[in-house]
Structure formats: C-alpha cells, structure tokens
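Descriptive analysis of the structure
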Amino acid sequence: MESDFRFPSSESGNKAQNEIGMNYSVPESQSIAEFACQNTVAETETVRSTTSCISYVELRQRYVNGVVDDVNSYKESSMTERWNPESLGNAAKLETMKSLDWRRVMAENSNLLGEAPCVEMAPMKYFMGEIHAGNSLRSTISVGNAKKRQRVYNTIFHVPFRCERLIFAGFFVCVDSFLSLLTIMPTRILITIWRVLRTRQFQRPDAAELSDFGCFVVLVLGITALQWIDISLIYHIIRGQGTLKLYVVYNVLEIFDKLCQSLGEDVLQVMFSSAEGLSNCSTETLKLELRTFIFDAAIAIAALLIHSVILLAQAVTLSTCIIAHNNALQALLVSNNFAEIKSNVFKRVSKDNLHNLVYSDIIERFHITAFVLFVLAQNILEAEGSWFEGFLTNALMVYMCEMLVDSIKHSFLAKFNDLKPDAYSEFLEDLCKQILNEKPEERQKGLTFIPLAPACVVIRVLTPIYSTLLPYGPFMWRLLWIVIWSSLTYAMLAISKILVGLSLRKFATWYLNFRQERKQHVD
C-alpha cells in the first residue's frame with residue numbers, strides 16, 4: 001500500500017493543535033509516525049534519512065490510520081457532548097477550599113517530618129519543666145502493670161515458700177529412707193535367717209532379699225573401713241590449712257560428693273538388677289548370674305566406700321570451721337553459698353533441670369544434717385566447758401544460710417526463666433505420688449537418695465559415744481549392755497520410722513486431694 005509523503009505546513013500544524021488542545025497535533029491526512037519522521041527530516045535535512053523514514057511509514061500505514069480514525073472519532077464526540085453544569089439540576093456546588101498555609105501546619109505539627117523538637121535551652125525553664133513533668137525516673141524506667149506486680153510477689157513470697165515446702169517434705173523423705181535402712185533392712189534379714197534356721201531348708205532368696213543382703217554387706221564393710229580411719233589425723237591435717245584453703249577443700253569435697261552420689265545411684269541400680277536376674281534365673285545360668293551379682297556388688301562396695309570417706313572428710317572440715325575461732329565458718333558459708341548462687345542463677349535452665357536441682361538441694365540439706373550430727377558427737381566426746389550454746393548458734397547459722405541461699409537461688413531462677421510458682425507445686429505432687437508408691441509411666445523423675453554413705457558416717461561417729469556408756473567388767477557383762485543399748489536404739493529408730501512414714505503418707509494424701517480439687521475448681 002502506497003501513500004504520498006509531504007511535509008506539513010506550519011499553519012496546518014497550529015490548526016491541529018488548537019483543535020485537539022494539546023502541545024502537538026496530528027493532521028488528518030497523515031499518521032503520527034509520519035509527522036514524527038517529517039520533523040526528524042526537517043531537523044537533519046538529509047535525503048537518506050528521509051527515504052528510510054518514508055519506507056517505515058509505508059509499512060506501518062494501515063495500523064496508524066486506524067489509530068488516527070479513533071482519535072478523530074473521540075474528538076468529534078467530545079466536541080458534541082461538552083460538560084454543562086446546568087445539566088446537573090439542583091446539585092450543590094462544590095465549596096472552594098482555603099489555600100494550604102505550610103507555616104501554620106508545621107507550627108501545629110512540629111514532628112510532622114520526624115525531626116527532633118526544639119529544645120528549650122534556658123536552664124531555669126528546663127529545671128522547672130523537669131520538676132513539673134512527672135515521675136523523676138521516667139526516662140530510664142517505665143511504669144509497671146499487674147503482671148509485673150505478680151512477678152515481684154512470686155519472686156519475694158510465692159517461690160521461696162513453695163520451694164522451702166518442697167525441700168522440707170523431701171528432707172523427711174530422705175529421713176524415712178535413712179530410717180528404713182537402719183530398721184526395715186535388718187528386720188528383713190533377721191526374718192530370712194530365722195526362716196532358714198527354723199525350716200532347715202535353704203530356698204533361693206527373691207530379688208528383694210538379695211538386694212537387702214547386698215546393701216547390708218555394703219553398710220557393714222563401710223562402717224568397718226571407716227573405723228580404721230583416724231578422724232583426729234584428718235582433723236589436724238585440715239586444721240593446719242589456712243582459711244582460704246579451708247573452704248577450697250570443702251568445695252572440692254562437695255563436688256566429689258555429687259559425683260559419687262551420681263555414680264552410687266547407677267551401681268546400686270545395677271546391683272539390684274543383678275539380684276533380680278539371680279533370683280529368676282534357671283539352673284543352667286545360675287553360676288553366671290551369681291558371678292555377675294558378686295562382681296556388681298563388689299563395684300557397689302568400692303564406690304560407696306569412696307563416697308563414705310569423702311563425706312567423712314567433708315564432715316571433719318565443717319567441724320574444723322565450727323570449732324575454729326577465726327571466723328572460718330563465716331568465710332566457708334559465704335564462699336560456698338555465693339559460689340553456688342553464681343553458678344546456678346545466671347544460667348538458662350529448663351523445668352526438668354530445675355526439678356533435678358531442687359532434688360539435689362534436698363539431698364544436700366540431709367547431708368548437712370548428718371554433718372551437724374557428726375559435729376555434735378565430736379563435741380560430746382572431746383569438748384570441755386559450756387559448748388552447747390556455741391554449737392547451737394553455729395548450727396542455726398549453717399541452716400539459716402542454707403535456707404536463705406536456696407530461696408534466693410530458686411527465686412531468681414524462676415524469675416529469669418519465666419517459671420511460675422506452680423512448677424514447685426507440681427514437683428511436690430510428684431514427690432507425694434512417690435511417697436504413696438504411685439509410679440505412673442509418665443512421671444519422668446523421682447527423688448533418688450542413697451542413705452548408705454551417710455549412714456556409715458553417722459554410725460562411725462556415734463559408735464565411740466556408745467562405747468563410753470558401756471560399763472567396765474567382764475566381756476559377757478559388756479555384751480549384755482551392748483544388746484540393751486542396741487535394742488533401745490532400734491526401738492527409738494523404729495518409732496521414729498513409724499511416725500515419719502505415717503506422717504508423710506497422711507501429708508501426701510492430703511496434698512494430692514488438695515491439688516485435685518484445685519484443678520477441678522480451675523476447670
């Protein structure tokens with residue numbers, strides 16, 4: 001398709017601009033591309049560019065003509081249908097708005113652009129403004145709310161109370177286990193021996209009887225080994241150390257105590273498993289199971305002997321600090337307890353780790369009680385003059401420091417780890433289920449306490465006191481008094497076991513019912 005190319009005159013161009021109302025115009029007989037090419041040719045005035053532009057226009061003529069037709073039709077319709085304000089009828093006229101005063105807007109909204117406000121530099125105006133501005137610490141601390149208040153009350157009141165209640169209940173659980181070792185276990189062994197002597201028929205013992213025999217052997221060998229240890233020699237070795245070395249020695253012994261406690265739990269569990277395997281094995285595997293039980297029992301004996309020696313050395317160290325008159329006890333308590341706070345408070349712990357930590361504090365509280373009994377026995381044997389008042393003061397100081405440190409430690413552990421006081425109530429609920437021998441599978445952790453090593457230390461230190469109560473005379477006469485004192489001691493321990501056991505079971509039943517009612521009330 002061919003078309004004639006021609007340059008538009010200035011008159012036709014101005015006429016098109018006036019008709020369309022734009023800064024440029026397109027003649028009706030020419031396309032937009034033609035007009036652009038014509039202007040280009042006029043500016044360059046070269047024949048070669050004019051020829052190439054004409055060829056391009058020839059190729060795009062059909063498409064541009066369609067566009068021009070649409071523009072012309074739109075122009076005609078817009079000219080015929082102009083907007084008439086009277087056609088709106090009674091419509092309200094738009095009100096004119098005032099011009100925008102930028103200075104007034106900035107004066108009303110000084111921070112509109114995010115800039116810092118103007119600061120009053122007059123000293124007295126600044127000072128008076130600070131006086132009447134409000135809270136004097138508003139720039140460094142915000143106002144709290146009810147959640148903050150509850151958090152403060154939890155840290156100061158609720159967590160220490162519930163933690164100490166849990167430790168108190170767990171302490172008596174340890175006392176009950178200790179009394180069971182000294183009363184129930186000998187009774188079961190005597191019943192087994194009496195049955196064999198009466199029937200004169202040896203029967204294979206069950207797993208519980210084998211476990212009792214293993215624990216009895218460990219206890220007897222531990223007491224015998226501690227009898228060979230000279231306590232006065234250990235006392236003078238520790239007494240010769242300075243105050244700084246004294247609490248370092250105590251901290252080192254405490255670390256080894258925890259390690260031996262963990263190892264002792266494992267070796268006793270292995271020995272009980274071997275006892276169960278020996279009681280249920282067949283005749284073909286009897287020798288193998290017997291060798292396994294003896295080997296596991298030997299490992300348990302060695303581990304618990306080492307633990308007993310460590311506890312004895314720790315008790316002698318505490319006794320040295322109490323007897324000393326150079327404030328060694330205060331230095332020991334401050335260094336040991338605040339080192340414990342530093343090592344635990346600023347750590348991120350989970351709920352299970354907190355559960356293990358509070359059980360560790362329960363066992364530590366019982367060990368301290370055993371050490372205090374050791375110091376009391378040593379004072380009975382060796383002290384002169386009025387010593388009981390000073391001993392009572394020092395013992396109360398040790399217990400108060402331990403309670404204070406445990407309260408501070410658990411309060412801030414709960415605060416920093418966002419744990420509510422109800423977690424300690426759940427721990428106590430698990431402990432109550434353990435007291436009542438309710439061991440569901442979902443309960444992952446229980447209080448594990450091995451009273452063998454503390455029992456060895458307590459019996460070792462109380463044996464010299466009983467020796468001083470025996471009268472001089474023939475061997476049979478002394479043996480009679482040994483039986484009398486042993487019977488009285490056993491009766492006293494048995495009564496204590498009954499009272500502690502029944503009280504724990506009553507408390508556990510009451511607390512579980514209380515928790516159940518509270519859960520139903522909340523639901």
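How each quantity is defined
- Residues numbered from 1 in each chain as written.
- Predicted model: local features only at pLDDT ≥ 70, side-chain atom pairs only at ≥ 80, totals over all residues.
- Heavy atoms only, no water.
- Core = buried A, V, L, I, M, F, W, Y, C linked by side-chain atoms within 4.5 Å.
- Buried < 20%, exposed > 50% of the residue type's maximum accessible area, 1.4 Å probe, protein only.
- Helix = DSSP H or I, 4+ residues; strand = E, 2+ residues; numbered from the N terminus.
- Contact = heavy atoms within 4.5 Å.
- Phe/Tyr/Trp six-rings, centres within 6.5 Å; stacked < 30°, edge-to-face > 60°.
- 1 Å grid on protein atoms, 1.4 Å probe; cavity = no way out; pocket = protein on both sides within 12 Å on 5 of 7 lines; lining within 4 Å.
- Points joined across faces, edges and corners; volume = space filled by probe spheres on them.
- Nonpolar A, V, L, I, M, F, W, Y, C, P; charged D, E, K, R; others polar.
- Axes fitted to C-alpha atoms, helices over the stretch in contact; angles between N-to-C directions.
- Parallel < 35°, antiparallel > 145°, perpendicular 65-115°, else oblique.
- Left-handed = near helix turned anticlockwise from the far one by under 90°.

Some details on the nonpolar core
The biggest cluster of nonpolar side chains holds 96 residues, and the ones touching the most others in it are Phe374, Leu431, Leu447 and Leu452. Take this core: its biggest share by element is 15 residues, from helix 7 (residues 146–199). Among all residues touching leucine 447, those that are not within four sequence positions of it are Gly170, Val173, Cys174, Tyr359, Ile362, Ile363, Leu431 and Gln434.

Observations regarding the packing of aromatic side chains
The geometry of an aromatic ring pair is captured by two quantities: the separation of the ring centres and the angle between the planes. Under the counting rule described, the total for this entry stands at 19 aromatic pairs. An angle of 45° between the planes, with centres 6.3 Å apart, marks the rings of phenylalanine 388 and phenylalanine 391 as tilted. Highlighted residues: phenylalanine 388 and phenylalanine 391, both in helix 14 (residues 388–416), separated by three residues, approximately one helical turn. Taking the relative accessible area as the measure of exposure, phenylalanine 388 reaches 48% and is therefore partly exposed. Seen in terms of ring centroids, tyrosine 511 and phenylalanine 514 are 6.2 Å apart; in terms of plane orientation they differ by 40°. Their pairing is tilted. Here the residue tyrosine 511 and the residue phenylalanine 514 both occupy positions in helix 17 (residues 475–522), the gap between them amounting to three residues, near one helical turn. Feature note: the residues Phe168, Phe171, Phe172, Phe178, Phe366 and Phe449 constitute an aromatic cluster, connected by ring pairs.

Here's the deal with empty space enclosed by the protein
A probe as big as a water molecule, rolled over the atoms, marks out the empty space that is left. Applying the stated criterion across every chain yields a total of two cavities of 30 Å³ or more. Roughly 200 Å³ of volume is contained in the largest cavity. What lines the largest cavity is a set of 19 residues, and nearest its centre among them are Tyr250, Glu254, Gln314, Glu364 and Ile368. Elements with a minimum of two residues in the lining of the largest cavity: helix 10 (243–280), helix 11 (286–323), helix 12 (328–345), helix 13 (351–382) and helix 14. When residues of the lining of the largest cavity are assigned to their parent elements, the largest contribution, six residues, is made by helix 13. The residue makeup of the lining of the largest cavity, split by class, is eight nonpolar, six polar and five charged. Along the walls of the second largest cavity sit Gln261, His307, Ile363, His367, Phe449 and Ile450, which together make up its complete lining.

Considering the packing of helix 15 (residues 422–435) against helix 17
The interhelical angle for the contact between helix 15 and helix 17, taken along N-to-C directions, is 130°, at an axis separation of 9 Å. On the basis of their axis angle, the class for helix 15 and helix 17 is oblique. Regarding helix 15 and helix 17, the two cross each other, and that crossing is left-handed. Along its contact with helix 15, which presents Asp422, Ser425, Glu426, Leu428, Glu429, Cys432, Lys433 and Ile435, the element helix 17 presents Leu504, Arg505, Phe507, Ala508, Tyr511, Leu512, Arg515 and Lys519. In terms of residue class, the contact of helix 15 with helix 17 is built from eight nonpolar, one polar and seven charged.

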